[in-house]
Structures are given as C-alpha cells and as structure tokens.
Amino acid sequence: MRLNKYLAECDVASRRKAEEFIYEGRISVNGKVIREFAFIVDEFKNTVKLDDKKLRIKNKEYYLLYKPKGIITSTNDERGRATVVDLVKTRSVIFPVGRLDYNTTGILLLTNDGDFANYLLHPKNKFQREYIAKLDKPLKLNDANKLLQGVYLDKKKSKFIDLKIKSNEYPRRVNVLTEEGRNHFVKIMFSKIGYRVNELKRIRFGIFSLGRLVPGQYRKLTEDEVQYIKKQYEKN
Ligand code: URA
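Each value, and the rule that gives it
Residues numbered from 1 in each chain as written. Predicted model: local features only at pLDDT ≥ 70, side-chain atom pairs only at ≥ 80, totals over all residues. Heavy atoms only, no water. Near = heavy atom within 4 Å. Polar contact = N/O pair within 3.5 Å; in protein donor to acceptor, adjacent residues only side chain to side chain. Areas by Shrake-Rupley, 256 points an atom, 1.4 Å probe, with all protein chains shown as cover. Helix = DSSP H or I, 4+ residues; strand = E, 2+ residues; numbered from the N terminus. Nonpolar A, V, L, I, M, F, W, Y, C, P; charged D, E, K, R; others polar. Domains from an automatic or database assignment. Salt bridge = Lys/Arg side-chain N within 4 Å of Asp/Glu carboxyl O. Buried < 20%, exposed > 50% of the residue type's maximum accessible area, 1.4 Å probe, protein only.

Looking at this structure, I do not really get the site of the ligand. What am I missing?
All residues in the neighbourhood of the ligand are listed as Leu-100, Asp-101, Thr-104, Tyr-131, His-184, Phe-185, Val-186, Lys-187 and Leu-200. Take Phe-185: an N or O atom from its main chain is 3.4 Å from a nitrogen atom of the ligand. In isolation the ligand exposes 240 Å². Once the protein is present, 97% of that is buried. For the shell around the ligand, the element with the most residues is helix H5 (residues 185-192), which contributes 3 residues. Split by residue class, the shell around the ligand holds 5 nonpolar, 2 polar and 2 charged. Taken together, domain 2 (62-123 + 210-234) and domain 3 (128-205) each give at least three residues to the shell around the ligand, which thus spans both.

Dropping the structure here:
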C-alpha cells in the first residue's frame, strides 16, 4: 500500500494532513525517514511511525442510522443527554456525518473515517439531500417558486433544487430537494418566506435511503456502498 494511503487508513489524519507529515519528514518506515508519498509499505512487516508514535491500521466503520426525534447530533453533550453516537453499538470512536436538528428524523451516517465524511459533506461534491417537511400552513405556489429561484441567506443566493407539495389533500406537507448541508438550512429557507417547519424528515442523502429501518434502528453500510463513495474521491 502507498505510504499516503497507509497513513490515512491509520486514522492519524486526513489524506491531506498525512501528506503534510510525509513532506515534513515526520514519518519513518523501519526507522528511516521517508518523504515519498508513493513509497510502498508492507502493512504486516513494516513499522511505520509518526514522530515516535507507532501507527497501526484501524478498522473503518460506516453506519446508516434512522435518527429518531429528541436526540442530539453530536459525539457528546455537556448536559449528559443521549446523542446519536449512543444509539450505535461499537467500541470505535465514531462521529456523525453532518448534522440533523434535535427534532429532525431520518438518515444520518456515522463513521470513524474522516476522508469519507469530508467527501460527503464538501459543498463542491453536491450530494443531494431529500426531506419531507410539514409546514405551519399550506405552501403557496408563488412562495415555492421563490425558494426554487433562490433567496439570499447571509448574502449568498440559496435555493432548493426541487420543491413539491406531496398531495393536494395535504398542502402543508412538501418534498424538498437540496444540495446544501448548512445547519438548519431547510428551516431557514422556509422562515425567509414566512413559513415555519413543524416537522422534518430526511429520506435520502446521496445514494442512501432509509429502506426498512424504523426510528432508532441502524445498519452497517455494505462494502459496495462504501467502495462506491471511496472510488469517487480516490480518483481525485
Ligand atoms: N435543515 C434543517 O433545517 N434541519 C435539519 O435538521 C436538516 C436540514
């Protein structure tokens, strides 16, 4: 395995940070400082160190949680409340990929793989998020068009990719499609045109959907799902 990939797999740092360590001469293989990113490491036979710290490859873990209401998206809480991390049984130190509000439900990925999370969250990669939102009043077509054309948030033009009323019977319930991961994005967008979001559920994030999970349940991502995402950023 190439040295830069090996370091990323050890969880010492993101791939970029790992390359900085190599460049700075802080990485040694069998006692010899190595400055080549492409140096081939034998993960079973070689001893790789960052300064004096011996490094070992860590198992990467990837979960898809159906986040229930009333749970905070964080790794720990000062007030001792349950967090999304508490819902997943693992000994690894995992963290949520992005965040959902306390009362938002739906898809949330958790992992201990920083590169994977960064890739999914980076705005330039435009991963789509799909939500069902319940509003405080029926959505008028004219207002829906405003959000599709774009409104200004913090001087930045922001828009929904798609916005549909689910059925004429329930005009307060809408489907929202965004490529934005900013915190509270859906609620802020609606509040900008005078609506309040009373309930919010994320039903899709990129290629991931809830399937048969029920609130509070989770599953591991399949090897195919993980490789599908990884292939995209390893190309770059
Ligand atoms: N947008 C919001 O307003 N809240 C969420 O939890 C997710 C997206």
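Please explain the pattern of salt bridges as it appears in this structure.
Side chains that differ in charge, positive against negative, can pair when their charged atoms come close. Considering all chains together, one arrives at 14 salt bridges under this definition. The partner of Arg-26 in a salt bridge is Glu-24, with the nearest N and O atoms 3.7 Å apart. For Arg-26, a relative accessible area of 30% corresponds to the partly exposed category. Among the charged side chains, a network of salt bridges with common partners joins Glu-24, Arg-26 and Asp-51.

These values are about where atoms sit, not about what they do.
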